Amino acid sequence: MNLIFLGAPGAGKGTQAEVVSEALNIPQISTGNILREAAKNGTEYGLKAKAAMDAGALVSDDIVIGILKERIAEDDCKEGFILDGFPRTVPQAEALDAMGIKIDKVIEINVADETIKQRVSGRRVCQGCGASYHIEYKPSKTEGVCDKCGDKTVIRKDDQPEVVLERLATYHEKTAPLKDYYEKQGKLVTVEGQEEVAETSRLTLAAVGVE
Ligand code: ADP
Ligand code: ZN
């Protein structure tokens, strides 16, 4: 099964993508994580991407499309994959279609902007492996320490309040039109984000047909 997870920054699409990835045993491909990794390693495109990310803007379509093409050509994607954070623009969605990639469903995690602004401040990410946490909704076992690799969890630079506003604006302008795009293809399923993560997960799993 090939799935896309769509949602505003901080809506919890990554968390839900991870839940489904484990349930279906197919990889979760987070373009945000790949870009942060590249930025950390200081590759040429990584540095370019970092400038855009830190400003709350999108990384250019050609960079992200190139990354994605390479990633889904890997062996572990043969049985299906979950795209978390791609596509984020109509040209990116068109590129997927042009590649002949068949998408089964697009799951939108819908959360009001006001809720997002409150939530994002509690978000943490592991500086080692990129795993994500939330101090209230998805805490690591030991505060400040990653469950998966033991490295430090930190606040993402782009989770600062001013940058979050910019990212929300970018989402509404560039990414939200994808809802129409996939609605027209009959693939869009909207899941209302709940107060409890476990409750959202239950709805998400039902939406992809796993009970
Ligand atoms: P969130 O969904 O919480 O904003 P991500 O980790 O998915 O976080 O993305 C972080 C940043 O990485 C985005 O703000 C953007 O700058 C960049 N990025 C990730 N995916 C894409 C994409 N498909 N197209 C353009 N930029 C992207
Ligand atoms: Zn880690």
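Values in this document were obtained by computation on a predicted structure and should not be read as measured data.

*Asks:* Please explain helix α1 (residues 13–24) as it appears in this structure.
*Replies:* Between its first and last C-alpha atoms α1 spans 16 Å; for 12 residues at 1.5 Å apiece the expected length is 16 Å, and the two agree. Taken residue by residue, α1 has Lys13, Thr15, Gln16, Ala17, Glu18, Val20 and Ser21 as its buried positions. Its buried side turned inward, α1 meets β1 (2–7), β2 (28–30), β3 (81–84), β4 (105–110) and α9 (197–207). A positive phi of about 55 degrees marks asparagine 25, the residue just after α1.

*Asks:* Which parts of the structure should I look at to understand the pattern of salt bridges?
*Replies:* Any two side chains of opposite charge can pair if their charged atoms end up close together. Going through the model one piece at a time under the given rule, you end up with 17 salt bridges. Of the charged contacts in the structure, one is a salt bridge between glutamate 108 and lysine 179, with a shortest N-O distance of 3.5 Å. Remark: lysine 179 occurs in helix α8 (residues 177–184) and glutamate 108 occurs in strand β4; sequence separation between them is 71 residues. A salt bridge links aspartate 158 to arginine 156, with the shortest nitrogen-to-oxygen separation between them at 2.9 Å. Each of the two residues, aspartate 158 as well as arginine 156, counts as buried. Where salt bridges share partners, they join Arg123, Arg156, Asp158, Asp159 and Arg167 into one cluster.

*Asks:* Got a minute to help me understand the sheet that holds β2 in this structure?
*Replies:* Reading across from one edge, β2-β3-β1-β4-β8 is the order of the 5 strands in this open sheet, with parallel pairing throughout. Lying at the two open borders of the sheet, with one neighbouring strand each, are β2 and β8 (188–192). Pairs of neighbouring strands in the sheet enclose a mean axial angle of 25 degrees, with direction left out of account. The pairing of β1 with β4 spans 5 bridges and is classified as parallel. Counted as the bridge partner of glycine 7 is isoleucine 109 from β4. Packing of helix α2 (residues 31–41) onto the sheet brings it into contact with β2 and β3, and relative to β2 it is tilted by some 55 degrees. Lying over the sheet, α9 contacts β1, β4 and β8, oriented at roughly 165 degrees with respect to β8.

*Asks:* Help me understand the site of ligand 1, please; the structure alone is not making it clear to me.
*Replies:* Around ligand 1, the structure places 20 residues, and the nearest of them are Lys13, Thr31, Ala57, Arg123 and Arg167. In the environment of ligand 1, a nitrogen atom lies 3.0 Å from a nitrogen or oxygen atom belonging to the backbone of valine 59. Looking at the shell around ligand 1 element by element, the count peaks at 4 residues for α2. Across the shell around ligand 1, the residue classes break down as 8 nonpolar, 5 polar and 7 charged.

The rules behind the values
Residues numbered from 1 in each chain as written. Chains lettered and ligands numbered in written order. Predicted model: local features only at pLDDT ≥ 70, side-chain atom pairs only at ≥ 80, totals over all residues. Heavy atoms only, no water. Helix = DSSP H or I, 4+ residues; strand = E, 2+ residues; numbered from the N terminus. Expected span 1.5 Å × (residues − 1). Buried < 20%, exposed > 50% of the residue type's maximum accessible area, 1.4 Å probe, protein only. Contact = heavy atoms within 4.5 Å. Salt bridge = Lys/Arg side-chain N within 4 Å of Asp/Glu carboxyl O. Pairing = 2+ DSSP bridges. Axes fitted to C-alpha atoms, helices over the stretch in contact; angles between N-to-C directions. Near = heavy atom within 4 Å. Polar contact = N/O pair within 3.5 Å; in protein donor to acceptor, adjacent residues only side chain to side chain. Nonpolar A, V, L, I, M, F, W, Y, C, P; charged D, E, K, R; others polar.

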